[in-house]
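# Fold and contact review
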Amino acid sequence: MSKNIKSHILLLAVCLASVILFVACEKEIDLKVPDPASAYVVEGHIENGLPPYVLLTKNAAFYGNINLSNLSNYFVSGAKITVITETNDSIHLQEYNGALLQLLPDSIAIPLAAQFGISITSASEFPPIILYTVALTDTGFVGQIGKKYDLRITIGDKLITASTTIPQPVFFDSLWLK
């Protein structure tokens, strides 16, 4: 046999063995992942010059099905949420549901939705979520650089707390491109 035929036979044998190896070693694995214990998920934001807002939801199973038509079922209503500054100024956050958010002017609703990664063209498209933020009469309570903020959330008999500080901005002293 010529050398060329031997190399073709060897290549064909290697390919055939690879196919058999990958097809023959297939086994379905069924993982039984238990559902997690019920817990709350807090997503709170406060930035320089902006009022604080909090999204409060319930957790869901990692491999569970999420039904987007029942999105509102994941959000928690009725919580008492307070933001306290280091100088003991405090504000109670107001609960706004999807129906109220849809009544906002488009100039407020569209950028607000964008902060959550939601693209809408009018307030009427706002999804059915629950948002906690300052009351319309308290819009002067905004984040300030260097200030410390404490968050206190009461849901029934549960108390959830958190603290943060808005750091001083760090500016570029120089920038190079190569």
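Right, let's walk through the structure included here.

So, how was this worked out
- Residues numbered from 1 in each chain as written.
- Predicted model: local features only at pLDDT ≥ 70, side-chain atom pairs only at ≥ 80, totals over all residues.
- Heavy atoms only, no water.
- Salt bridge = Lys/Arg side-chain N within 4 Å of Asp/Glu carboxyl O.
- Buried < 20%, exposed > 50% of the residue type's maximum accessible area, 1.4 Å probe, protein only.
- Helix = DSSP H or I, 4+ residues; strand = E, 2+ residues; numbered from the N terminus.
- Contact = heavy atoms within 4.5 Å.
- Pairing = 2+ DSSP bridges.
- Axes fitted to C-alpha atoms, helices over the stretch in contact; angles between N-to-C directions.
- Polar contact = N/O pair within 3.5 Å; in protein donor to acceptor, adjacent residues only side chain to side chain.

On to the pattern of salt bridges, then. Taken as a whole and assessed by the stated rule, the structure comprises one salt bridge. Residue Lys148 is joined to Asp150 by a salt bridge in which the shortest nitrogen-to-oxygen separation is 3.5 Å. Taking relative accessible area as the criterion, Lys148 reaches 36% and is therefore assigned partly exposed.

Turning our eyes to something else, we now look at the environment of Val76. Among the structural elements, Val76 can be located in the loop between strand S2 (53-58) and strand S3 (80-85). Once you skip the residues sitting within four places of it in the chain, Val76 turns out to touch Tyr40, Leu56, Thr57, Lys58, Ile130, Tyr132 and Ile155.

All right, on to the sheet that holds strand S5 (residues 94-97) then. Strand order in this open sheet of four strands is S1-S2-S6-S5, and the pairing throughout is antiparallel. Looking at strand neighbours, the two that pair on one side only are strand S1 (40-45) and S5, the edges of this open sheet. On average, each strand axis in the sheet is tilted by 25 degrees relative to the strand beside it, whichever way the strands run. In the sheet, S2 pairs with strand S6 (residues 130-133) via two bridges, with the strands oriented antiparallel.

Attention now goes to the environment of Gln102. Looking at the element boundaries, Gln102 is found in the loop between helix H2 (98-101) and helix H3 (106-115). Using a relative accessible area of 34% as the deciding quantity, one classes Gln102 as partly exposed. Sequence separation between Gln102 and Ile5 is 97 residues, and the spatial gap between their C-alpha atoms is 74 Å. Only 2.8 Å separates the side chain of Gln102 from the backbone oxygen of Phe126, close enough to count as a polar contact.

Turning to the side chain of Thr133, a few remarks are in order. Turning to its location among the elements, Thr133 is positioned in strand S6. The residues contacting Thr133, other than those within four sequence positions of it, are Pro51, Pro52, Tyr53, Leu93, Gln94 and Tyr96.

Another point: the sheet that holds S3. Paired through their backbone hydrogen bonds, the strands of a sheet run either parallel or antiparallel. Spatial ordering of the open sheet is given by S4-S3-S7-S8, a layout of four strands whose pairing is antiparallel. This sheet does not close on itself; its edge strands, each paired only once, are strand S4 (90-92) and strand S8 (158-165). Sheet twist, expressed as the mean angle between neighbouring strand axes with direction ignored, is 15 degrees. Pairing analysis gives eight bridges linking strand S7 (residues 148-155) to S8, with the strands arranged antiparallel. Across the sheet, Thr154 pairs through a bridge with Leu159, a residue of S8.

Any functional reading would require information that these geometric values do not contain.
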